[in-house]
Amino acid sequence: MPEEKRKPEEGESVEGFLASFLPDLLKLLAKYEEIELEDVELHAKKLAFELLPVIPAAPPVPAAPPVAKPTELLREGFEPPVMTYPGRVEEVKIGATRSEGGSRGKTYVIGGEMNPPYYIFERPPPHRPIISMDVFDTKVPLPRAVKMHIKDVIDDPGEWAKRNVEKFGADMIVVHLLSMDPLIEDKAPKDALKTIEEVLQAVDVPVVVGGCGDPEKDAEAFKIASDMFSGERLIMSSVTLDMADKGVLDETAKAIAQHGHIALAFTPIDLNLARELNRKLYGHVARDSIIMDLTSAALGYGSEYSYTIMERARLAALMGDKELQHPIMACSANTWAAREAWIKEAEIGEIWGPRELRGPMYETVAALVYLLAGADWLMVEHPATTRTLKEFIDILMKKGAAKPETIAGWVSAKLG
Amino acid sequence: MSGSGAKELSPIEIYKYLPKTNCGKCGEKTCMAFATKLANREARLEECPELLKPEYKEAYEKLWEMLRPPVREVVFGSGERVAKIGGKYVMYRHELTYHNPTVIAIEVDDTMELSEIEERIKRLEELSYIYIGRELKLDAVAVRCVSGDAERFKAAVEAVAKLTDMPLVLCCLDPEIMENALVTVYERRPLLYAATKDNWREMAELATGYKCPLAVFAPGDIALLRSLVKTLRAYGVEDLALDPGTFPGEGFSDTLNNFVMIRRAACKMGDDLLGYPLIGVPAVAWLSEGGKEKSKEEEEAEKVLKAWREACMAVMLITRFADLLIMHSLEGWVQLPIMIWRENIYTDPRKPVAVEPGLKAFGTPDEMTPVLVTTNYALTYFTVENDIKSAKIDCYLLVVDTEGLSVQSAVAGRKLTAELVADALKESGVEEKVKHRYLIIPGLAARLSGEIEELTGWKVLVGPQDSSAIPKFLSEKWPPKEQEE
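Residues numbered from 1 in each chain as written. Chains lettered and ligands numbered in written order. Predicted model: local features only at pLDDT ≥ 70, side-chain atom pairs only at ≥ 80, totals over all residues.

### Focus on the overall build of chain A
The condition that has to hold: Only DSSP runs of H or I reaching four residues or more are called helices, and only runs of E reaching two or more are called strands; each is numbered from the N terminus. With C-beta atoms placed from the backbone, a residue counts as buried when 20 or more other C-beta atoms lie within 10 Å of its own, as exposed when 12 or fewer do, and as partly exposed for counts between those limits. Placing C-beta atoms from the backbone, we regard two residues as in contact once those atoms come within 7 Å.
On a plain count of helices and strands, chain A comes out with 16 helices and 10 strands. Put simply, chain A has 416 residues, and 50% of those count as buried. For chain A, restricting intrachain contacts to residue pairs at least 6 apart in sequence, the fraction spanning at least 24 positions comes to 73%.

In structure tokens form, the structure reads like this:
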């Protein structure tokens, strides 16, 4: 019976997403299978010479039975190993509605955890983690697998932001003002900030002001932005110890606090530095307005350091370390720096599959790992990662949804 | 939350039971040094030959008990390719380090044609990737009885055993069918999957009779899992592995929670009945949802989605303590990120993944050879080295000590600064080796160029962001045009 072709449901599932956003998928797969078959023939010949005879001489005689073999099940119970934690992560409210002094239609609260990530047998996390997606104000080299979904809006930050929110389901937009970078356009902060205005007009979700990495210019931009968008509860990404070295941290922090915004505090994979920066901020910024960026390495390029530092930070916070009791931001978008994510099949080897799948899979793996380490906010580049995260966050918030009968017979079920 | 994961052991406590002869046979100068290594789990008791002598039997047993991991190590397979699962001392990686990377088994079933089984095993062996000078690969084959036919299962198991010397997992809940196949491969010491509340007695007979490790399957019921472990132990089965059930879809949260509860009970609460390796089965992502006919296109798309979900489940299970995974997908884009993450999370956090800093020469450098800069993070270094070697480039590579951080992280974290580059340049003596004064820095360190020029007097050329573009960069930009300023 021919069925009506199923329409991919917007915002519903990974399935709908991949079907609608990876148009080249089937073509790529067809190509992939051809190659597989060629290889198989080759190998079949080779195999003939490599057969290993492993037939044993005779089965052993089963050992003599032990003295007191149980004849029925020895019943044991199980108590969930619930623990209590003296510490709690701060809650941070992101974005402000009109009645709160901003202009956002959507706002979020993140943090507030009282136990390790998704240990639902103790208690569920108080809030869902949020997902932001990027907009750049200059032309940046983007991997093909990412670019194919946004190439028609890449010169229009407002439209790009809309695409991220409306089509991909982003909760928040990060606008990277790379044009301020002295090595790129060296734009004046006040000019660059026009893009923030544009994005705030285009979407009603909270917005993150992303700097260019130059501490002095970023500090200047955050100060101006704080005043310009007073009351919006924007996030300034990011304040650093470099700013302290250049003597511009205090005034920046003051401006952020005075206008009710949030500081994203970046430190390089080092909890002592994270504490140090937070201490410097406490003089100016309220505890409920600090989020930590502990550095997110690309998958395979130091991701274990990032994973462990996030996990340690969260466990220390729960154990009562007040200087680490802040929500954590993790950036899976950085994983596109890993060459395995973007390199062509022809170069890495056909066996590793089309980069249109390999790339988003790479980013998704990094994102899931950081999610389990305790990230409250994930910075994502690829729409498939956003969609998958939403699906798995929904799953991770559930308790008691397992149906044992569905897998009781997995051993003898035909898969595929 | 209380206590750390690893039993906190003082070297002094261990030293008490050592021979105290400082014989040096373990490779350490003193028994105290050996005790320190034991406490850090960097040495094994068996490395002390004295301890194995009868007069130290009691001391040995005492030390064994003190040092044994709360999660037992279970070995299956034979010969050179054995699979070690479990052997975990801690719940969290930073408490010590994780031992025995998650073993990944790929499933085949006895309704597959022989050619399909061959194809799958061949592909499994081909999925090998060189990463930081190490080979990443999959580890084992799980043969499932889907036919319900004893002879068919036996034929499939025999075929697989002939095709590969990898460790095997035999998956069949019917003890008679299991034994029929097991008699032909028991010397390979396969993991038997699995004992359940219904077949535990017969499975225990097989495990003890053929001396094979046994999996215990109790989906969603940790109390039953404990009951089965207790019973099987009383029956004389020592080597067990636990499968609390991997649930696809919404139930996956319960799966992860069961893994967490079991590992915590073993590592933090001393629950000996749960101190066994954990088995995750991401292959359940492929269980048919049944129902409607699908077009070929839809079927293909669905395969991608199932593989995608399986990968997500696998990586989360590895992160949440799985010691053995049984998977279906052999797609490279599924397995590569999984193998990379497994390698990462199992590296020892006590040791930076770094190479020796300093000046390296490639090919036959002369006085007009380019000088490139990179960091001493092992992965960065080996990637750059590989790109230079495969393009057969003559050059000097200045490896700066960034405490094992990659370029991106090192620049952000001030572990790669103009001062460090200037110092490294000076110490390297490359100034005497080349006549020119051009330094090529990584594209991701572009922002340091001005300061490096000021400090060194060398002209900086900003190289590519990824070292794969070095050959192209050099062919276009080297030798540099003299009057560029």
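### A look at the overall build of chain B
Within chain B, the regular secondary structure consists of 17 helices and 17 strands. Counting only C-alpha atoms and orienting by the principal axes, one finds that chain B spans roughly 85 × 75 × 45 Å. Within the span of chain B, comprising 485 residues, buried residues form 53% of the whole. Within chain B, contacts between residues separated by at least 24 positions form 65% of all contacts whose residues are at least 6 apart in sequence.

### Side note on the environment of Pro 215 of chain A
Residue and element names in this part refer to chain A. Relative to the helices and strands, Pro 215 is located in helix α7 (residues 215-228). Considered as a pair, Pro 215 and Arg 387 are 172 residues apart in the sequence and their alpha carbons are 34 Å apart. The residues touching Pro 215, leaving out its near neighbours within four places in the chain, are Thr 240, Asp 242, Met 243, Lys 246 and Val 248.

### Quick look at the sheet that holds strand β13 (residues 358-362) of chain B
Strand-to-strand pairing in sheets goes through backbone hydrogen bonds, with the strands running parallel or antiparallel. All names here are of chain B. How we decide: One bridge is not enough; two strands pair if DSSP finds at least two bridges between them. Note on definitions: angles span 0 to 180 degrees between N-to-C directions of axes, and those axes are lines fitted to C-alpha atoms, for helices only across the stretch in contact.
Pairing within the open sheet is mixed, and its five strands lie in the order β13-β15-β14-β16-β17. Taken across any chain shown, the strands that pair with only one partner, and hence form the sheet edges, are β13 and β17 (459-462). With strand direction ignored, the average angle separating the axes of adjacent strands in the sheet is 30°. Here five bridges tie strand β14 (residues 371-375) to strand β15 (residues 395-400), and the two strands are oriented parallel to one another.

### Observations concerning the pairing of strand β9 (residues 214-217) of chain B
Residues and elements named next belong to chain B. Here is the rule we go by: Orient the strands so they point away from the viewer; a crossover is then right-handed if the path from the first strand over the helix to the second runs clockwise.
Every second residue of β9 is oriented toward a common face, with Leu 214 and Val 216 on one face and Ala 215 and Phe 217 on the other, all of them buried. Since strand β8 (residues 191-195) and β9 lie parallel, the crossover through helix α7 (residues 200-209) that links them has a hand, and here it is right-handed. The parallel pair β9 and strand β10 (residues 240-243) is bridged by helix α8 (residues 222-235), and the resulting crossover is right-handed.

### What to know about the sheet that holds β10 of chain B
As summarised here, the arrangement of the eight strands in space is β10-β9-β8-β7-β6-β3-β12-β11 (chain B), forming an open sheet in which the pairing is parallel. Of all the strands in the sheet, the pair left with one neighbour each is β10 and β11 (279-280) of chain B.

### What to know about the environment of Glu 126 of chain B
Here Glu 126 of chain B shows up in helix α4 (residues 114-126). A tally of 15 C-beta atoms within 10 Å means that Glu 126 of chain B is categorised as partly exposed.

### Quick notes on the pairing of strand β7 (residues 168-171) of chain B
Residue and element names in this part refer to chain B. Of the two faces of β7, the one holding Leu 168 and Leu 170 and the one holding Val 169 and Cys 171 are both buried throughout. Where strand β6 (residues 140-144) lies against β7, four bridges are found, and the strand directions are parallel. Among the inter-strand pairings, Ala 142 is bridged to a residue of β7, identified as Val 169. Sheet topology places β7 next to β8; three bridges connect them, and they run parallel. Bridge assignment links Val 169 to a residue of β8, and that residue is Leu 191. After leaving β7, the chain enters helix α6 (residues 175-185) and then returns to the sheet as β8, a path that is right-handed.

### Notes on unusual backbone geometry
In the segment running from Ser 237 of chain A into Ser 238 of chain A, the intervening peptide bond is cis, with an omega of 0°. Relative to the helices and strands, Ser 238 of chain A is located in strand β6 (residues 235-240). Cis peptide bonds are those with omega within 30 degrees of zero, and the linkage from Trp 478 of chain B to Pro 479 of chain B qualifies with 0°. The residue Pro 479 of chain B is located in the segment after α17 (470-477) in this model. The phi torsion at Asp 186 of chain A lies on the positive side, around 55°, for a residue other than glycine. Within the secondary structure layout, Asp 186 of chain A lies in the loop between β4 (172-176) and α5 (189-192). For Arg 41 of chain B, which is not glycine, the phi torsion reads 60° and is therefore positive. You can see Arg 41 of chain B is positioned in the loop between α2 (31-39) and α3 (57-67). On the neighbour-count criterion, Arg 41 of chain B (18 C-beta atoms within 10 Å) is partly exposed.

### Structural notes on the domain arrangement of chain B
Rules: Each domain's limits were defined by an automated method or a database of domain assignments.
Domains assigned within chain B are domain 1 (11-67), domain 2 (73-345) and domain 3 (358-477). When each unit is reduced to the centre of its C-alpha atoms, the spacing between domain 1 of chain B and domain 2 of chain B is 35 Å.

### Structural notes on the interface of chain A and chain B
Counted only if it meets this: Classes in brief: Ala, Val, Leu, Ile, Met, Phe, Trp, Tyr, Cys and Pro nonpolar; Asp, Glu, Lys and Arg charged; the others, Gly included, polar.
Residue-level contacts link 93 residues of chain A with 107 residues of chain B. Of all the secondary structure elements, the ones that give two or more residues to the side of chain A that touches chain B are α1 (14-21), α2 (25-48), α11 (303-318), α12 (339-342), α14 (355-373), α15 (383-396) and α16 (404-407) of chain A. The residue inventory of the side of chain A that touches chain B, partitioned by class, reads 63 nonpolar, 15 polar and 15 charged.

### Topic: the nonpolar core
Spelled out, the test is: The nonpolar core criterion groups buried Ala, Val, Leu, Ile, Met, Phe, Trp, Tyr and Cys residues into a set whenever they are joined through C-beta atoms within 7 Å.
Core analysis: the biggest nonpolar cluster contains 273 residues, and Ile 173 of chain A together with Val 141, Leu 170 and Val 216 of chain B have the highest contact counts within it. Residue-level mapping places this core at the junction of two domains, with at least three residues from each of domain 2 (73-345) and domain 3 (358-477) of chain B. Discounting residues that sit within four places of it in the chain, Ile 173 of chain A has contacts with Ser 132, Met 133, Val 135, Ala 161, Asn 164, Val 165, Val 199, Val 203, Val 205, Val 207 and Val 208 of chain A. The next biggest cluster of nonpolar side chains, apart from the first, holds 13 residues, and it includes Ile 14, Ala 35, Ala 39 and Cys 48 of chain B.

### So, the packing of α7 of chain B against α8 of chain B
Residues and elements named next belong to chain B. For the record, the criterion: Just so you know how the angles are binned, under 35 degrees is roughly parallel, over 145 roughly antiparallel, 65 to 115 roughly perpendicular, and the rest oblique. Crossing handedness follows the turn of the near helix against the far one: under a right angle anticlockwise gives a left-handed crossing, and clockwise gives a right-handed one.
Here α7 crosses α8 at 45°, and the two axes come no closer than 10 Å. With respect to α8, the axis of α7 lies oblique. Here α7 and α8 pass one another in a crossing that is right-handed. Counted together, Trp 200, Ala 204 and Thr 208 of α7 and Leu 228, Thr 231, Leu 232 and Tyr 235 of α8 form the full contact between these two elements. Of the residues contributing to the contact of α7 with α8, the split by class is five nonpolar, two polar and no charged.

### Quick notes on helix α11 (residues 332-345) of chain B
Put simply, the rule reads: Multiplying 1.5 Å by the helix residue count minus one yields the expected span of that helix.
End to end, α11 of chain B covers 20 Å across 14 residues, agreeing with the expected 20 Å (1.5 Å per residue, within 8%). Judged by how many residues are buried, α11 of chain B sits mostly within the fold: 13 of 14 residues are covered.

### Some words on the packing of α4 of chain B against helix α5 (residues 150-163) of chain B
Residue and element names in this part refer to chain B. Packing of α4 against α5 brings their axes to within 11 Å, and their N-to-C directions diverge by 35°. Pair α4 / α5 crosses with right-handed handedness. Facing α4, whose interface residues are Leu 114, Ile 117, Glu 118 and Ile 121, α5 presents Ala 156, Ala 159, Val 160 and Leu 163. Residue composition of the contact of α4 with α5, by class: seven nonpolar, no polar and one charged.

### Details of the environment of Ala 263 of chain A
All names here are of chain A. Mapped onto the elements, Ala 263 comes out in strand β7 (residues 262-266). Exposure remark for Ala 263: the 27 C-beta atoms within 10 Å place this residue in the buried category. Between the C-alpha atom of Ala 263 and that of Tyr 118, which follows or precedes it by 145 residues, the distance is 26 Å. Residues contacting Ala 263, with those up to four places away along its chain left out, are Met 236, Val 239, Ala 253, Ile 256, Leu 281, Val 285, Ser 289 and Ile 290.

### Observations concerning the confidence of the model for chain A
The following threshold applies: For every residue, the pLDDT score states the predictor's confidence, bounded by 0 at the bottom and 100 at the top.
Across chain A, the average pLDDT comes to 87, with 84% of residues at 70 or higher. Scored below 50 in pLDDT, residues 19-61 of chain A shows 40 contacts in the model against residues more than four places distant or in partner chains.

### Some remarks on the confidence of the model for chain B
For chain B, per-residue confidence averages 92 on the pLDDT scale, and residues scoring 70 or more make up 97% of the total. Taken over the whole predicted complex, pTM reads 0.86, whereas the ipTM for its chain interfaces reads 0.86.

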